[in-house]
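# Residue-level structure breakdown
For reference, the chains in residue letters:
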Amino acid sequence: MELFGIGISYYIVFAGYLLFLAWTTFQSMKQVETLSDFTTGGHRMGLILGVGTSVATWVSVASVMGVPGYLYRTGVAAIIGWVAGWFLATSIMPILAARVRRPEIPPRTFPEFIRMRYEPFAKVSSLQIIVAVLMFVGYFIFCHLQVVGFGIVFNTITGIPYEYAIFGFLAILVVTSLGGFWSVAATDTLNAVLILIGLAFGMAAVLYATGGYGAIFANLATSTAPVNVGGPELPAGVLLTPEGTFGWAVLMGIFMSNALGASVSPHWINRFMAPKNAKAAVLQMMWTVVALIPIFICLITIGLGAKMLLPSLPVGKTTDYIMPLIVQEYAPPFVGAMTLIAILAAAISTANSMLLNCGTSLYYDIYRALLPEGKLDEGKAKNHLRYTVLALGLLSVLSAIKPPLLLAMGFTYVYGAFGACFMWPVWLGLFWRRMNRSGAYAGILVGILAYVVARYMGHSNPFAVGSALSLAATLIGVYMTSAPPKEAYEAYFEPEMSPTTRAVALKIRREDDDAHVVMKTQAAE
Amino acid sequence: MLIALLFWAGSIAFCVGASLICCKQIEASGVRRWGACGQLFFYE
């Protein structure tokens, strides 16, 4: 049965999903009482919600659509470049998480973390503002990519024009972001479950249509079909070689950008601030890796199986279209609807998190940091943040009308840039007391400049260039200047902080001790 | 294919190992505010 050319199953599944989203958002909005609740869940998040939100944030359209697309295009090499790269990033995260969540009075955002660690006494922290600007640009691109992914899926499966579909996405995105971190985390946990169910359905459909793994690998071993109809043929067997059509230098560049770059991405550092304590933060990332395994098995199967079902894409379609095309062609209506919901869930769960990061960096770390006088009005600040998120959501949709990048590669560029500039300030800041302000400035500025120049000049591994020069600049900066004050590093190295460190942290957060006592009581409950 | 899967499996093994070490360190510190509770995979 069809309505406006679309199966009724799609409407039922979609309506059910929207109702559940609205309910979880409404419930979680009640939880938001303070600015810390809005930005990091009040630093009191438990393990289940933490794992749910981490899984759903990891699984974006870049993974759900981009990874099958690259598997289709280059074969198993994409497992090294993206799947293993992202898993290695998540594998390093417990080590970082254990340190980031140590302070008794933690920062609310990543730029504030940089400020507390490197410029604790600055009235206006230039470093905080520089980091926030870099974050703003990066997360705006991430958000834009999620909108593009959603538009492609909706257009392919429903026939609704891409330009209209992305505006529908805006409404869902804004609703799930307005409640802040709790809303994002709650909807993310639901989305993580839906992603797994939807992809499992999609994988079953592909295995049924292809005849199983034996047939899929036999096809990969012999297929020479071009990516697009009329394009150059692939060498036989290249889809099963570890370096694929990339070559090792380029593939290692992608692997390193995704692994090392993603591990220090600001939204992950922000995630590590949300759990109740350091151990919860470690366990959150460990169980996230375990939960991601079945999801990526589904994605790998769908991507590799697609090469057998649809040897070449129609002219003008990028490999990002492979997932919706396969679902549309080979899955029964209900399975197709569930897979569509999985992709939608992946796009929403990542986009709302990115939108929150983007809005927070713009409002909290740039606008508010430039106005250092006066105590913070929590109520007004939360509303201002909501307006910022709303405006940025609209801008990201407008920017997606003419999409310029392949989804997975767009993520790799941003992760590479984040890694090149933030890797050493984050790692050395957490594990080396001597790391200081000059080192952080040098590392961040040299890292981002070197990455952009190397990328512009067509270097095969711009991340390696950026991070190597960033390390050299950081070390020169550190050894040419004096050691940092204890207020800068103490919270990350000692179980208890001194009264002066405590006073500095409260001053940066613009809280008095009463506000912090309330926060601690909530955490204990 | 095997090399690609080894990259992936290695990442997963590294994660579990690193998490185990981090949890052990937190337990060894005995700091309850960090989550030490006497059990390796639970937190206060």
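In this text the structure is predicted, and so the values were computed from the model without any measurement.

When its secondary structure is counted, chain B shows 1 helix and 0 strands. When the 44 residues of chain B are sorted by exposure, 32% land in the buried category.

Attention shifts here to helix α19 (residues 462–479) of chain A. Counted at 1.5 Å a residue, the expected span for α19(A) with its 18 residues is 26 Å, and the 26 Å between its end C-alpha atoms agrees. Of the residues making up α19(A), those classed as buried are Pro462(A), Phe463(A), Ala464(A), Val465(A), Gly466(A), Ser467(A), Leu469(A), Ser470(A), Ala473(A), Thr474(A), Gly477(A) and Val478(A).

Next up on the list: the interface of chain B and chain A. Where the parts come together, the accessible area they lose is often given as the size of the interface. With 24 residues of chain B at the contact, the number on the chain A side is 27 residues. Per-class residue counts for the side of chain B that touches chain A are 18 nonpolar, 4 polar and 2 charged.

A rise of 1.5 Å per residue sets the reference length of helix α18 (residues 437–456) of chain A, with its 20 residues, at 28 Å; its end C-alpha atoms lie 29 Å apart and thus fit the reference within 8%. In the segment just after α18(A), Gly458(A) is the residue with positive phi, at about 80°.

What follows deals with the packing of helix α10 (residues 213–222) of chain A against helix α13 (residues 278–309) of chain A. Residue and element names in this part refer to chain A. One way to put it is that α10 packs onto α13 with a least axis distance of 9 Å and a crossing angle of 65°. It follows that α10 is roughly perpendicular to α13 by the angle criterion. Where α10 crosses over α13, the handedness of that crossing is left-handed. Between α10 and α13, the contacting residues are Ala215, Ile216, Asn219 and Leu220 on the first element and Leu304, Gly305, Lys307 and Met308 on the second. Class assignment for the residues of the contact of α10 with α13 results in 5 nonpolar, 2 polar and 1 charged.

A few words on the nonpolar core. With 194 residues, the main nonpolar core has Val83(A), Phe150(A), Ile195(A), Val282(A), Ile341(A), Ala342(A) and Ile343(A) as its most contacted residues. When residues in this core are grouped by element, the largest group, 19 residues, is from helix α15 (residues 333–367) of chain A.

Residues and elements named next belong to chain A. With respect to the helices and strands, the residue Trp287 is situated in helix α13. Using a count of 20 C-beta atoms within 10 Å as the deciding quantity, one classes Trp287 as buried. Separated by 239 residues in sequence, Trp287 and Ile48 have C-alpha atoms that sit 9.3 Å apart.

Turning next to the confidence of the model for chain A. Residue and element names in this part refer to chain A. In the predicted model, chain A carries a mean pLDDT of 83, and the fraction of residues at 70 or more is 90%. Across chain A, the secondary-structure element scoring lowest on mean pLDDT is helix α22 (residues 513–524), at 45, and the one scoring highest is α18, at 95. Note on residues 513–525: pLDDT is under 50 here. Beyond four places in sequence and across chains, it has 12 contacts.

Before going further, it helps to examine the environment of Leu390(A). Mapped onto the elements of the fold, Leu390(A) is located in helix α16 (residues 378–399). In the structure, Leu390(A) is positioned 217 residues away from Leu173(A) in sequence and 9.0 Å away in space, judged by C-alpha atoms.

Definitions and cut-offs
- Residues numbered from 1 in each chain as written.
- Chains lettered and ligands numbered in written order.
- Predicted model: local features only at pLDDT ≥ 70, side-chain atom pairs only at ≥ 80, totals over all residues.
- Helix = DSSP H or I, 4+ residues; strand = E, 2+ residues; numbered from the N terminus.
- Buried ≥ 20, exposed ≤ 12 C-beta atoms within 10 Å, placed from the backbone.
- Expected span 1.5 Å × (residues − 1).
- Contact = placed C-beta atoms within 7 Å.
- Nonpolar A, V, L, I, M, F, W, Y, C, P; charged D, E, K, R; others polar.
- Axes fitted to C-alpha atoms, helices over the stretch in contact; angles between N-to-C directions.
- Parallel < 35°, antiparallel > 145°, perpendicular 65-115°, else oblique.
- Left-handed = near helix turned anticlockwise from the far one by under 90°.
- Core = buried A, V, L, I, M, F, W, Y, C linked by C-beta atoms within 7 Å.
- pLDDT = per-residue confidence, 0-100.

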